[in-house]
Amino acid sequence: MDIITTARSTHDEASDIRMRFPGCQAIVVTSASHMRRAIQIFSDEGLQPCAAPTDFGFARAGSPNDRLWERWVPTTGGIHGNHQWLYEKVALLWHRLSSK
């Protein structure tokens, strides 16, 4: 197992893995909100990514941590979640436009 410590972005990580292990299957461990873009970046590098999402921002419906009333009360965490969602949408769009 290799750990990459010099990469500054997901692009750097995917490029480094491609150079070290061309065409390999890579397990991509990142936050669930970032996973879609990360998988796209690794696929664009010619790798075979396998998703291992972490850091889920919200409790799963029906879990002990899910409180229905909290979904309707504005919080700073909710604002942060919206910010992350918007950031990932814009970043994915930028990736698609810049990789053509």
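Residues numbered from 1 in each chain as written. Predicted model: local features only at pLDDT ≥ 70, side-chain atom pairs only at ≥ 80, totals over all residues. Heavy atoms only, no water.

### Digging into the pairing of strand S1 (residues 25-31)
Along a regular strand, successive side chains alternate from one face of the sheet to the other.
Thinking step 1. By the bridge criterion, seven bridges tie S1 to strand S2 (residues 48-54) in an arrangement that is parallel. When the sheet's bridge partners are listed, alanine 26 is paired in S2 with proline 49. (Pairing = 2+ DSSP bridges. Helix = DSSP H or I, 4+ residues; strand = E, 2+ residues; numbered from the N terminus.)

### Quick notes on the nonpolar core
Thinking step 1. Judged by nonpolar contacts, Ala14, Ile17, Cys24, Ala26, Val28, Met35, Ala38, Ile41, Phe42 and Leu47 together constitute the single largest core of 10 residues.
Thinking step 2. With four residues, the single largest contributor to this core is helix H2 (residues 32-44).
Thinking step 3. In this structure alanine 26 touches Ile17, Phe42, Gln48, Pro49 and Cys50, once residues within four positions along its chain are discounted. (Core = buried A, V, L, I, M, F, W, Y, C linked by side-chain atoms within 4.5 Å. Buried < 20%, exposed > 50% of the residue type's maximum accessible area, 1.4 Å probe, protein only. Contact = heavy atoms within 4.5 Å.)

### Side note on the pattern of salt bridges
Thinking step 1. Counted by the stated rule, this structure contains three salt bridges.
Thinking step 2. Between arginine 37 and glutamate 88 there is a salt bridge, and its shortest N-O distance comes to 2.9 Å. One end of the pair, arginine 37, is in helix H2; the other, glutamate 88, is in helix H3 (residues 76-98), with 51 residues separating them in the sequence. Take arginine 37 and glutamate 88: they sit in the same class, and that class is buried. (Salt bridge = Lys/Arg side-chain N within 4 Å of Asp/Glu carboxyl O.)

### Topic: the packing of helix H1 (residues 10-20) against H2
Thinking step 1. Remark: H1 packs on H2, axes separated minimally by 9 Å, with the N-to-C direction vectors making an angle of 35 degrees. With respect to the hand of their crossing, H1 and H2 are arranged in right-handed fashion. Each of Thr10, His11, Glu13, Ala14 and Ile17 in H1 lies in contact with H2, whose residues at this interface are His34, Ala38, Ile41 and Phe42.
Thinking step 2. Residue composition of the contact of H1 with H2, grouped by class: five nonpolar, three polar and one charged. (Axes fitted to C-alpha atoms, helices over the stretch in contact; angles between N-to-C directions. Left-handed = near helix turned anticlockwise from the far one by under 90°. Nonpolar A, V, L, I, M, F, W, Y, C, P; charged D, E, K, R; others polar.)

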